[in-house]
Amino acid sequence: MEHKRLEDLHSNDASFGKLLGTLGDEFAEIARFAEQLQTVLSPALLDVAHDPDSHKNVQMLDILSQRLNAMSEFVSLLGRSVPDTWRINSGLALSAVTLSDLAMRLQGYKPFSESDDAGCLEMF
């Protein structure tokens, strides 16, 4: 499988600012997932929202989305404030990331678009 690079990264030596920007983008994407969950689950959430024990859990989805958006903005702003000359070898940290698509994005590979060949369906 061939991946598209955003920049030439030698042995995981990357711009620290770009890495922070990528992390910010990842937080934003996860926040969008949380917002989509709220939308999809909203009819069911309305039913359980009246249960005092469940009310706090329902609110946690909204808080999750808000916090992820805030983290995205924070990390992205940090990335833009870091001098371009700052470099980091992220190899050790990347080795702990077991989700291959996430690891690829953190290394600077561009995510696949819908127009790319989707390949095999993974079921879990």
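Each value, and the rule that gives it
- Residues numbered from 1 in each chain as written.
- Predicted model: local features only at pLDDT ≥ 70, side-chain atom pairs only at ≥ 80, totals over all residues.
- Heavy atoms only, no water.
- Phe/Tyr/Trp six-rings, centres within 6.5 Å; stacked < 30°, edge-to-face > 60°.
- Helix = DSSP H or I, 4+ residues; strand = E, 2+ residues; numbered from the N terminus.
- Buried < 20%, exposed > 50% of the residue type's maximum accessible area, 1.4 Å probe, protein only.
- Patch = residues over 30% accessible without salt bridge, like charges linked within 9 Å, V, L, I, M, F, W, Y side chains within 5 Å.
- Areas by Shrake-Rupley, 256 points an atom, 1.4 Å probe, with all protein chains shown as cover.
- Salt bridge = Lys/Arg side-chain N within 4 Å of Asp/Glu carboxyl O.
- Contact = heavy atoms within 4.5 Å.
- pLDDT = per-residue confidence, 0-100.

Visitor: Quick question: what am I supposed to make of the packing of aromatic side chains here?
Guide: In this description, an aromatic ring pair is defined by two values, namely the gap between the centres and the angle between the planes. A full pass over the atoms with the stated rule returns one aromatic pair. Measuring from ring centre to ring centre gives 6.5 Å for Phe 16 and Trp 86, while their planes differ by 35°; the resulting arrangement is tilted. Of this pair, Phe 16 sits in helix H1 (residues 16-49) while Trp 86 sits in the loop between helix H2 (52-81) and strand S2 (87-89); the two residues are 70 residues apart in sequence, bridging distant segments of the chain. Residue classification places Phe 16 among the partly exposed positions, given a relative accessible area of 26%. Judged by its relative accessible area of 47%, Trp 86 is partly exposed.

Visitor: Help me out: how do you make sense of a nonpolar patch on the surface in this one?
Guide: Together, Leu 37, Val 40 and Leu 41 make up an exposed nonpolar region whose accessible area comes to about 260 Å². For Leu 41, the position within the fold is in helix H1. For Leu 41, a relative accessible area of 34% puts it in the partly exposed group.

Visitor: Where do I start with the environment of Leu 106 in this structure?
Guide: Topologically, Leu 106 is positioned in helix H4 (residues 100-106). A relative accessible area of 14% places Leu 106 in the buried class. In this structure the C-alpha to C-alpha distance between Leu 106 and Leu 19, which are 87 residues apart in sequence, comes to 6.8 Å. Once residues within four sequence positions are removed from consideration, Leu 106 is found in contact with Leu 19, Thr 22, Leu 23, Leu 94 and Val 97.

Visitor: Looking at this structure, how should I read the confidence of the model for the protein chain?
Guide: Where the model shows low pLDDT, its predicted coordinates should not be examined in detail. Averaged over every residue, the pLDDT of the protein chain is 80; the share at 70 or more is 79%. Considering only residues more than four positions removed or in separate chains, one finds that residues 1-10, a stretch of pLDDT under 50, has 21 contacts.

Visitor: What should I look at first to understand the pattern of salt bridges in this one?
Guide: Pairing is possible between side chains of opposite charge, provided their charged atoms come close. Per the counting criterion, the structure on display carries four salt bridges. The salt bridge involving Glu 29 is made with Arg 32; its shortest N-O contact spans 2.6 Å. Placement of the pair is Glu 29 and Arg 32 together in helix H1, with a separation of three residues, close to one helical turn. Using a relative accessible area of 41% as the deciding quantity, one classes Arg 32 as partly exposed.

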